[in-house]
Amino acid sequence: VPGSQPTVAEAAGVPSLAAMQRAALNASPEATNALAQRQAQNTAARTNALNNIASPTRVAKYQDLRSRVADELYADALGPLNLGELTPEMKKEVSSLIKTPAIKRAMGQAKENAANRGVDIANPEGSMQGLHETKMALDDEIAKVKALAEKNGGSASAELKSLQAAKTRLLGFMEDVSPAYKTARVNYERLSKPVEQLEKIANIAEKSTRSTYY
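Parameters and conventions
Position labels on residues start from 1 in each chain and follow its written sequence. This being a predicted model, a pLDDT of at least 70 is required before a residue's local features are given, and a value of 80 or more before pairs of side-chain atoms are given or counted; all residues contribute to the totals for chains, interfaces and linings. As a rule here, side-chain values come from all non-hydrogen atoms in the structure, and water together with hydrogens is ignored. Interaxial angle, 0 to 180 degrees, is taken between N-to-C directions of lines fitted to C-alpha atoms, where a helix line uses only the stretch in contact. In this description a helix means any DSSP run of H or I spanning at least four residues, a strand means any run of E spanning at least two, and both kinds are numbered starting from the N terminus. Each crossing gets its handedness from the near helix: less than a right angle anticlockwise from the far helix is left-handed, clockwise is right-handed. Only heavy atoms enter the contact rule, under which two residues are in contact if any of them lie within 4.5 Å. Under the grouping applied here, Gly and all other residues not named as nonpolar or charged are polar, the nonpolar ones being Ala, Val, Leu, Ile, Met, Phe, Trp, Tyr, Cys and Pro and the charged ones Asp, Glu, Lys and Arg. For a helix, the expected span equals 1.5 Å multiplied by the residue count minus one. Each residue is assigned to one of three classes by its accessible area relative to the maximum for its type, calculated with a 1.4 Å probe on protein chains only: buried under 20%, partly exposed between the two thresholds, exposed over 50%. Pairing of aromatic side chains requires ring centres within 6.5 Å, counting the rings of Phe and Tyr and the six-membered ring of Trp. Pairs whose planes differ by under 30 degrees are stacked, by over 60 edge-to-face, and all others tilted. Side-chain atoms within 4.5 Å are what join buried Ala, Val, Leu, Ile, Met, Phe, Trp, Tyr and Cys residues into a set we call a nonpolar core.

Remark: helix α5 (residues 88-97) packs on helix α8 (residues 158-177), axes separated minimally by 11 Å, with the N-to-C direction vectors making an angle of 145 degrees. Of the two possible hands of crossing, α5 and α8 adopt the one that is left-handed. Contacts between α5 and α8 pair M90, E93, V94, S96 and L97 from the former with R169, L170, F173, D176 and V177 from the latter. Here the contact of α5 with α8 is built from residues that sort into six nonpolar, one polar and three charged.

Below, the structure is given as structure tokens:
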């Protein structure tokens, strides 16, 4: 990293050298002050490098690309469902899906979310748009349960596993009915990877700045 100058002990990663560095610091206030100054300079250089990688302009560029491609792909995928064209197995599956407690709750939330944006999706199970809104509501619920589990230091709960299973079933049905939806979803996930990576880098840089100055 330009401007970053690790000490010999830091660069080598050898425990004995690290011990020698600590001993020198304990014996010399001048060495302690010099190292503190160097560490501050190194942190600033590394933070600057991260900011250059994940600049707001670059993040916005990738977010815009994802949005434009997704809008085009989902426009073809999110049409009304022609229930008359569904096979008996598909009709049985959608009937089962809408009775699943997690999906039933998500459909209610999906209608509310859409209504808040001024969109009426009527019966969510009657259109790919409605099912997509339901899937996004399920995503939100899964994220909340997962975050709570991580906060409490626990592993995946039975609730989280059941929500993920419901989402898998829902996606399976949607992608059987509309292969175009699967194409849109897979491409959105692919375009999301660089966005997520840049956002993580920007987060690291922000935390680094806060820890340096506060």
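That shown, we press on.
The next subject is α8. Between its first and last C-alpha, α8 extends 29 Å over 20 residues, near the 28 Å set by a 1.5 Å rise per residue. Within the sequence span of α8, burial applies to L160, L163, A166, L170, L171, F173, M174 and E175.

With the rule as written, the count across this model stands at two aromatic pairs. Members of the aromatic cluster, joined through ring pairs, are Y74, Y181 and Y188.

Right, let's talk about the nonpolar core for a bit. Counting residues in hydrophobic clusters, the biggest one holds 26 residues, and the most contacted among them are I103, L131, L138, L170 and Y181. Where this core is concerned, the elements lending two or more residues are α4 (56-77), α5, α6 (101-116), α7 (128-151), α8 and α9 (179-213). Of all the elements, α8 adds the most residues to this core, at seven residues.

None of this, on its own, says anything about what the molecule does.
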